[in-house]
Amino acid sequence: MSIDISTLALLTITVAFGLGAMSIALTFHHSGTRGTQGLRHWGRGLVVYSAGFSLLYLYPKFGLPLLYAGWICVLVSMLVMYKALLRICGSGGHRTRFGIAVIGTTILAWVYFGLVAPNPIRQNDVTSVAIGVIAARAAWDIWRYAMRSRFRAPAFAVLAWLLLTSARPLMEVMTRDVHAGDLDPMSLFGPPGMVFFRVLILALLSISVIWLEISRLYEVVEDQATHDELTGVANRRAIVALLESELVRAKRLHTPCSIAIFDIDHFKRINDTLGHPAGDQVMKWVTKVIGKSIRPYDTLGRYGGEEFLLLMPGARPEAAIIVAERARAAIQGQDCIVDGKPIRITISAGVAAWSEDVDSDALLRSADSVLYRAKQAGRNRAELAGA
């Protein structure tokens, strides 16, 4: 038994509205985060998409105004869903000029095929191609996100369905038997198989977007659990866990490993005289300067208060003290700008090298001991344990 075009059009409307309502409902208990804002936009886009198809469904009874209104709703819904994907992926841009260009070009094409060379089927083709262009641009942005994301599977799933969405309009135009004449339901919505294909892709795409959203939220939570909120480097739990992991690896492979603990000199004085916001700026700056001074495979973490722990896998004592001294000199060699005013900052460092009879706690105590020695010796210096 075959299903007629009207039934499939109603199926499109129902599925789009249902998926949109479900997407919005999923955000009720997690309002305020970037990921859920993106999913909420996706749901709104689906609802507008459903409204657009409702207007197109009613067009044969009520005339051209509903046709153009339906087309505009569908295009706007695609742009809203594109914006939703940008939000979920953490992109700062909204592609406003891209949206204006697509809608403006489409309207000009409608005018041309409506007044200059009247052909309503070509107008519909132009709308389909515009949808494909939006989907293709979204696919490109998702591809770039997938390349830097730790959770690539949902991003690649969204990418696959977007590519099919962008290819579908071309398939519709190429498989169309008639390219002139009245715009009947078959010409407006496509053959039954193509309409069902559209509904299926829409459902799979929406499920993949929800998967992407969940993965994104998991990534955010994971980052919050392992990174210091102020400086952006690893927090104490994460850097100590990484240290223990590196020591296990060093013991298994018989490779060296060293650490350094940095402390900002006279940091309490900075907080007392300039205020805690200034102290926060100083810690961010120190983190940035040290990060530029260390090796690419070293890891810096906030150890506590104004102290930072640097993990240097593969570094022997003589190499580790060079890295610590380079970071100390970089801090000393430039001013920290706080509220537009330059201030001088120095740091002290305690460096310790691992040996097979030393665990992580003992290694940390050793580095902390020589840090204290550097402080006692006048600060603004790096000391090596055992030297």
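Parameters at a glance
Residues numbered from 1 in each chain as written. Predicted model: local features only at pLDDT ≥ 70, side-chain atom pairs only at ≥ 80, totals over all residues. Heavy atoms only, no water. Helix = DSSP H or I, 4+ residues; strand = E, 2+ residues; numbered from the N terminus. Rg over C-alpha atoms; globule rule 2.2 N^0.38 Å. Buried < 20%, exposed > 50% of the residue type's maximum accessible area, 1.4 Å probe, protein only. Contact = heavy atoms within 4.5 Å. Areas by Shrake-Rupley, 256 points an atom, 1.4 Å probe, with all protein chains shown as cover. Patch = residues over 30% accessible without salt bridge, like charges linked within 9 Å, V, L, I, M, F, W, Y side chains within 5 Å. Salt bridge = Lys/Arg side-chain N within 4 Å of Asp/Glu carboxyl O. Phe/Tyr/Trp six-rings, centres within 6.5 Å; stacked < 30°, edge-to-face > 60°. Pairing = 2+ DSSP bridges. Axes fitted to C-alpha atoms, helices over the stretch in contact; angles between N-to-C directions. Expected span 1.5 Å × (residues − 1). Arc of directions from axis to C-beta. 1 Å grid on protein atoms, 1.4 Å probe; cavity = no way out; pocket = protein on both sides within 12 Å on 5 of 7 lines; lining within 4 Å. Points joined across faces, edges and corners; volume = space filled by probe spheres on them.

1. Looking at the overall build of the protein
- Along the protein, the regular secondary structure elements total 13 helices and 7 strands.
- The globule rule puts the C-alpha radius of gyration for 387 residues at 21 Å, and the 30 Å found for the protein is more than 25% above it.
- Viewed in the frame of its principal axes, the protein has a C-alpha envelope of about 90 × 50 × 35 Å.
- Looking at the 387 residues of the protein, the share that counts as buried comes to 47%.
- For the protein, the share of sequence-separated contacts (at least 6 apart) that also reach a separation of at least 24 residues comes to 71%.
- As displayed, the protein has an accessible area near 19000 Å², and 62% of this comes from carbon and sulfur atoms.

2. With respect to a nonpolar patch on the surface
- The grouping of Ile107, Val111, Tyr112, Leu115 and Val116 at the surface amounts to a nonpolar patch, some 490 Å² of accessible area in total.
- Structurally, Ile107 can be placed in helix α4 (residues 96-116).
- Under the relative-accessibility criterion, Ile107 is labelled partly exposed at 37%.

3. Structural notes on the packing of aromatic side chains
- A full pass over the atoms with the stated rule returns 9 aromatic pairs.
- Seen in terms of ring centroids, Phe151 and Tyr218 are 5.5 Å apart; in terms of plane orientation they differ by 85 degrees. Their pairing is edge-to-face. Of this pair, Phe151 sits in the loop between α5 (120-148) and α6 (152-175) while Tyr218 sits in helix α8 (residues 192-226); the two residues are 67 residues apart in sequence, bridging distant segments of the chain.
- Of the aromatic side chains, those joined through ring pairs into one cluster are Tyr49, Phe53 and Phe189.

4. Brief notes about the environment of Ser369
- Relative to the helices and strands, Ser369 is located in helix α13 (residues 360-376).
- The exposure class assigned to Ser369 is partly exposed, which follows from its relative accessible area of 46%.
- Residues Ser369 and Asp357 lie 12 residues apart in sequence; the distance between their C-alpha atoms is 18 Å.

5. What about the pattern of salt bridges?
- Tallying each qualifying case throughout the model produces 17 salt bridges.
- Between Arg150 and Glu222 there is a salt bridge; the shortest N-O distance is 2.4 Å. In this pair, Arg150 is assigned in the loop between α5 and α6 and Glu222 in helix α8, connecting sequence segments 72 residues apart.
- With relative accessibility at 46%, the residue Arg150 sits in the partly exposed group.
- Notably, a salt bridge pairs Asp335 with Arg344, separated by 2.8 Å at the nearest N-O pair.
- By relative accessible area, which is 34% here, Asp335 ends up partly exposed.
- By sharing partners, the salt bridges in this structure join Arg150, Arg216, Glu219, Glu222 and Asp223 into a single network.

6. Structural notes on the sheet that holds strand β7 (residues 382-384)
- Strand order across the open sheet formed by 5 strands is β2-β3-β1-β6-β7, with mixed pairing between neighbours. Each edge of the open sheet is held by one strand with a lone partner, namely β2 (299-304) and β7. Put simply, the sheet's adjacent strands are angled 20 degrees from each other on average, direction ignored.
- Relative to strand β6 (residues 347-353), strand β1 (residues 257-264) runs antiparallel, the two sharing 7 bridges. The residue bridging Asp263 from the neighbouring strand is Ser348, located in β6.
- Sitting on the sheet, helix α12 (residues 317-332) touches β1, β3 (307-313), β6 and β7, and the angle it makes with β6 is about 170 degrees.

7. Some points on α4
- Its 21 residues give α4 an end-to-end C-alpha distance of 29 Å, which sits within 8% of 30 Å, the value for a rise of 1.5 Å per residue.
- Every buried residue of α4 is accounted for by Phe98, Gly99, Val102, Thr106, Ala109 and Trp110. For α4, the angular spread of buried residues about the axis comes to 105 degrees, placing them on one side. Along α4, the residues that are exposed and aim more than 90 degrees away from the buried face are Thr96, Arg97, Ile100, Leu108, Leu115 and Val116.
- Turning to α4, the residues buried within the fold contact α3 (64-88) and α5.

8. Regarding the pairing of β3
- Burial analysis of β3 places 7 of its 7 residues in the buried class, the great majority of the element.
- Every second residue of β3 is oriented toward a common face, with Glu307, Leu309, Leu311 and Pro313 on one face and Phe308, Leu310 and Met312 on the other, all of them buried.
- In the sheet, β2 pairs with β3 via 5 bridges, with the strands oriented antiparallel. Residue pairing across strands places Gly304 opposite Glu307, the latter belonging to β3.
- If you look at the hairpin formed by β2 and β3, you'll find 2 residues sitting between the two strands, and Gly305 has a positive phi there, around 60 degrees.

9. Brief notes about the pairing of β6
- Across the 7 residues that make up β6, a large majority, 6, are buried.
- Two strands pair when backbone bridges link them, and β6 and β7 are joined in this way by 3 bridges, in the parallel orientation. Looking at β7, one finds that Gly350 is bridged to Glu383.

10. Quick notes on empty space enclosed by the protein
- For the structure shown, the criterion picks out 2 cavities of 30 Å³ or more.
- Counted as a void, the largest cavity has a volume near 200 Å³.
- Forming the boundary of the largest cavity are 18 residues, of which Met78, Met81, Thr165, Leu202 and Leu205 lie nearest the centre.
- For the lining of the largest cavity, the secondary structure elements donating two or more residues are α2 (34-62), α3, α5, α6 and α8.
- The space that makes up the second largest cavity amounts to roughly 160 Å³.

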